[in-house]
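# Residue-level structural notes
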Amino acid sequence: ILNVEQSPQSLHVQEGDSTNFTCSFPSSNFYALHWYRWETAKSPEALFVMTLNGDEKKKGRISATLNTKEGYSYLYIKGSQPEDSATYLCAFSTGAQKLVFGQGTRLTINP
Amino acid sequence: DAGITQSPRHKVTETGTPVTLRCHQTENHRYMYWYRQDPGHGLRLIHYSYGVKDTDKGEVSDGYSVSRSKTEDFLLTLESATSSQTSVYFCAISGSTEAFFGQGTRLTVV
């Protein structure tokens, strides 16, 4: 069974501060690493899909990096805003496209 | 928004009864997935499909079966529902890039 670990499980950040969290995944048989944003009572929405070692992706104040050799990815949020409050999920896939999710990092931004 | 719908959206059923959840897509994506979401566990894969009549088990497949007779439909069946299957169920579809999720089905087994 593929194991995807996210840390921390929950995080409280003051509005305006920057933050980051981690996704660890198996470094063998790597195909892609996905990040999703999941707001309460909604469906998860894709943020990034990364496939190459060293990939860096950015969308507004959110960015992500990927290290496939050591099996980790970081998600960064710069200047946190209340609307960034959500659960952030990462998912790992092998060539079979089977997505295996981590348990998520629940982010709360305090005004 | 990706064309993916789940039905029903909410269901309450009694222990021991069969239940079928439906996922329907209009995107012609090859891969379809069923996940369950429980507090402290994120999303856990139940079963997935990589084509018509081609399915495989995920990490929490016990007590569930699936069928995919058409590209657009992926059915999840609980043969005999138990209280431990009370959860929110998400269907997802994917092509070659990211996955798109349905709205979720909240299932309560009493």
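This one's a predicted model, so the numbers in the text were calculated from it and none came from an experiment. (Residues numbered from 1 in each chain as written. Chains lettered and ligands numbered in written order. Predicted model: local features only at pLDDT ≥ 70, side-chain atom pairs only at ≥ 80, totals over all residues. Heavy atoms only, no water.)

Right, let's get into the nonpolar core. Within the largest apolar cluster, 23 residues are counted, with the highest numbers of intra-cluster contacts made by Phe21(A), Leu33(A), Trp35(A), Leu75(A), Tyr88(A) and Leu107(A). Every element with two or more residues in this core is listed here: β2 (10-14), β3 (19-24), β4 (32-38), β5 (45-50), β7 (62-67), β8 (72-77), β9 (86-93) and β11 (105-110) of chain A. The biggest single contributor to this core is β9(A), with four residues. In this view, Leu107(A) contacts Leu11(A), Val13(A), Thr19(A), Phe21(A), Ile77(A), Asp84(A), Ser85(A), Ala86(A) and Tyr88(A); residues no more than four positions away in its chain are not counted. Core analysis: the second largest hydrophobic core is formed by 19 residues, Met32(B), Val66(B), Leu78(B) and Ile93(B) among them. (Core = buried A, V, L, I, M, F, W, Y, C linked by side-chain atoms within 4.5 Å. Buried < 20%, exposed > 50% of the residue type's maximum accessible area, 1.4 Å probe, protein only. Helix = DSSP H or I, 4+ residues; strand = E, 2+ residues; numbered from the N terminus. Contact = heavy atoms within 4.5 Å.)

Our next topic: the state of the cysteines. The full count for this structure, using the stated rule, is two disulfides over all chains. Here Cys23(A) engages in a disulfide with Cys90(A); their sulfurs sit 1.9 Å apart. Judged by the sign of its S-S torsion, about 75°, the bond between Cys23(A) and Cys90(A) is right-handed. Of this pair, Cys23(A) sits in strand β3 while Cys90(A) sits in strand β9, and the two are 67 residues apart along the sequence. Owing to a relative accessible area of 0%, Cys90(A) belongs among the buried residues under this scheme. Two residues, Cys23(B) and Cys91(B), share a disulfide whose sulfurs are 1.8 Å apart. Linking Cys23(B) and Cys91(B), the disulfide has an S-S dihedral of approximately -70° and is accordingly described as left-handed. Of this pair, Cys23(B) sits in strand β3 (residues 19-25) while Cys91(B) sits in strand β9 (residues 87-94), placing them 68 residues apart in sequence. Taken as a pair, Cys23(B) and Cys91(B) share a single burial class, namely buried. (Disulfide = S-S within 2.5 Å.)

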